[in-house]
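# Structural description and commentary
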Amino acid sequence: MSLAALDRDARATGLAIRGAFHPAPGDAVPEGAGTLILLGPDEPGFWPEFRRSPEYSDDAPHPLDRWSRRVIGALAARWGSMAVIPADGPPWPPFLSWAARSGQAFPSPIGLYVHARAGLWISYRGAVALPGRLELPQPSAPPCPACAGHPCASACPVGALSTGAPYDIARCQSYLRTEAGRDCRERGCLARRACPISATLPRQDEQSAFHMAAFMEDWPTGTAPETDRAGKKGEPA
Ligand code: B12
Ligand code: SF4
Ligand code: SF4
């Protein structure tokens, strides 16, 4: 089994391998994992694939989390392993620590992670813990040191995402509820879009609007990360 073969398998479902690593003690991965594989949307095929799924149109809550569980669960079963989903919490599986361990994603000046290929659009739909140790690609170079002017840091119109300050969720959500916030609501976070690497990813606006709606509806300002809110742990990504 090679990572390239597994990536081909994943791409047939609308997902792509966005990183992998060999776990060490302290990585909080499922027991017995020899390789942890991170899966994210494979744009532009991901959104039409999800749109065609039964979860998209069955009107039950959290269609994308349910789609991720089903599709990544099936991939994991085929690969003889088990799946982990970011929304499986609290406590939340440490996806950002795993992203850092993969050598393909790095902390950006605004706190979000930036991926060598997907830029600030990177999100993870799930991880698969394989028992064997697969051969891994070389780590990528962190993109931010070479990025002129760090446009992500000045793109938010209300300064909710900027360098050196924590993400101001209340300020972001208040702006999103105004008429001026329509652009972020309908096309996704301006700070994420400002990244030149994000600009190369053919992600549909409709996908971004779906995530922004989940962020606003399921996580209203003040929601603590440890709060489940009666199962309302949505699908911002
Ligand atoms: C809870 C959560 C949130 C909560 C944070 C609540 C709070 N009061 O802090 C809210 C709802 C605000 C949130 C929002 C978003 N999130 Co979020 N979130 C998570 C989740 C499920 C758990 C994080 C956590 O609490 N870990 C436990 C603590 C102990 O660890 P921590 O490292 O200190 O966690 C902190 C950071 O993760 C941070 N955080 C979480 N989301 C975001 C988003 C931004 C912009 C920043 C700067 C920080 C941040 O808040 C956590 C608590 O302080 C993770 C998935 C996961 N399993 O990790 C996704 C995750 C971190 N989020 C992600 C994303 C993409 C978003 C959004 C940008 C997506 C969107 N468009 O809706 C939005 C922000 C809206 C925007 N501007 O576009 C991605 C990050 C990918 C990346 N590029 O870095 C993750 C990994 C989910 C995924 N499926 O890939 N999120
Ligand atoms: S969604 Fe819009 S308001 Fe919120 S952080 Fe991003 S750019 Fe700022
Ligand atoms: S805009 Fe530049 S500094 Fe910001 S995340 Fe993208 S590459 Fe890094």
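We now turn to the structure provided with this report. All of these numbers come straight from a predicted model, not from anything done at the bench.

### Details of the site of ligand 3
Near ligand 3 you find Ser108, Pro109, Val114, Leu120, Cys144, Cys147, His150, Pro151, Cys152, Cys195 and Pro196, and these make up its full shell. Looking at the shell around ligand 3, its residues break down into nine nonpolar, two polar and no charged.

### Quick word on helix H1 (residues 3-11)
Buried residues of H1: Leu3, Leu6, Asp7 and Ala10, and no others. Along the axis of H1, the buried residues cluster in a sector spanning 105°; they form a single face. Against strand E1 (15-21), strand E2 (35-41), helix H4 (63-78) and strand E6 (126-130) lie the buried residues of H1.

### Description of the packing of aromatic side chains
Going through the model one piece at a time under the given rule, you end up with nine aromatic pairs. One Lys or Arg, arginine 203, reaches over the ring of tryptophan 121 and ends 4.0 Å from the middle of that ring.

### Overview of the layout of surface pockets
Looking at the second largest pocket, its volume works out to about 340 Å³. Taken together, 16 residues form the lining of the second largest pocket, with Arg11, Ile17, Arg18, His115 and Arg117 sitting closest to its centre. Elements with a minimum of two residues in the lining of the second largest pocket: H1 and E1. The leading source of residues in the lining of the second largest pocket is E1, at four residues. Of the residues contributing to the lining of the second largest pocket, the split by class is five nonpolar, five polar and six charged.

Cut-off values and rules
Every chain's residues receive numbers from 1 upward, in the order its sequence appears when written. Chains and ligands are labelled sequentially in the order written, the chains with letters from A and the ligands with numbers from 1. With the structure being a predicted model, the display of local features is reserved for residues of pLDDT at least 70 and the display and counting of side-chain atom pairs for 80 or more, all residues being used for whole-chain, interface and lining totals. Here the side-chain values reflect all heavy atoms present in the structure, with hydrogen atoms and water set aside. Only heavy atoms are used to decide nearness, and a residue is near a molecule or strand if one of them lies within 4 Å of it. Lys, Arg, Asp and Glu make up the charged group, whereas Ala, Val, Leu, Ile, Met, Phe, Trp, Tyr, Cys and Pro make up the nonpolar group; the residues left over, Gly among them, are polar. A simple rule labels every residue: compare its accessible area, found with a 1.4 Å probe on the protein chains alone, to the largest value its type can have, and call it buried under 20%, exposed over 50%, or partly exposed in between. Helix and strand assignments follow DSSP, with helices taken as H or I runs no shorter than four residues and strands as E runs no shorter than two, numbered in order from the N terminus. Throughout, the arc means that of the directions going from the helix axis to the C-beta atoms. Contacts are assigned to residue pairs that have any heavy atoms within 4.5 Å of one another. Aromatic rings from Phe, Tyr and Trp, with only the six-membered ring used for Trp, were paired whenever their centres fell within 6.5 Å, and each pair was classed as stacked if the ring planes differed by under 30 degrees, edge-to-face if by over 60, and tilted otherwise. In this scheme, the term charge over a ring applies when either NZ of a lysine or CZ of an arginine sits within 6 Å of the ring centre and within 35 degrees of the ring normal. In the cavity and pocket records, a cavity denotes points on a 1 Å grid over the protein atoms alone where a 1.4 Å probe fits but cannot get out, a pocket denotes an open set with protein on both sides within 12 Å along at least 5 of 7 lines, and lining residues are residues with an atom within 4 Å of a point. Grid points are joined across faces, edges and corners, and a volume is the space filled by probe spheres set on the points.

Function-wise, these values are silent; they only describe arrangement.
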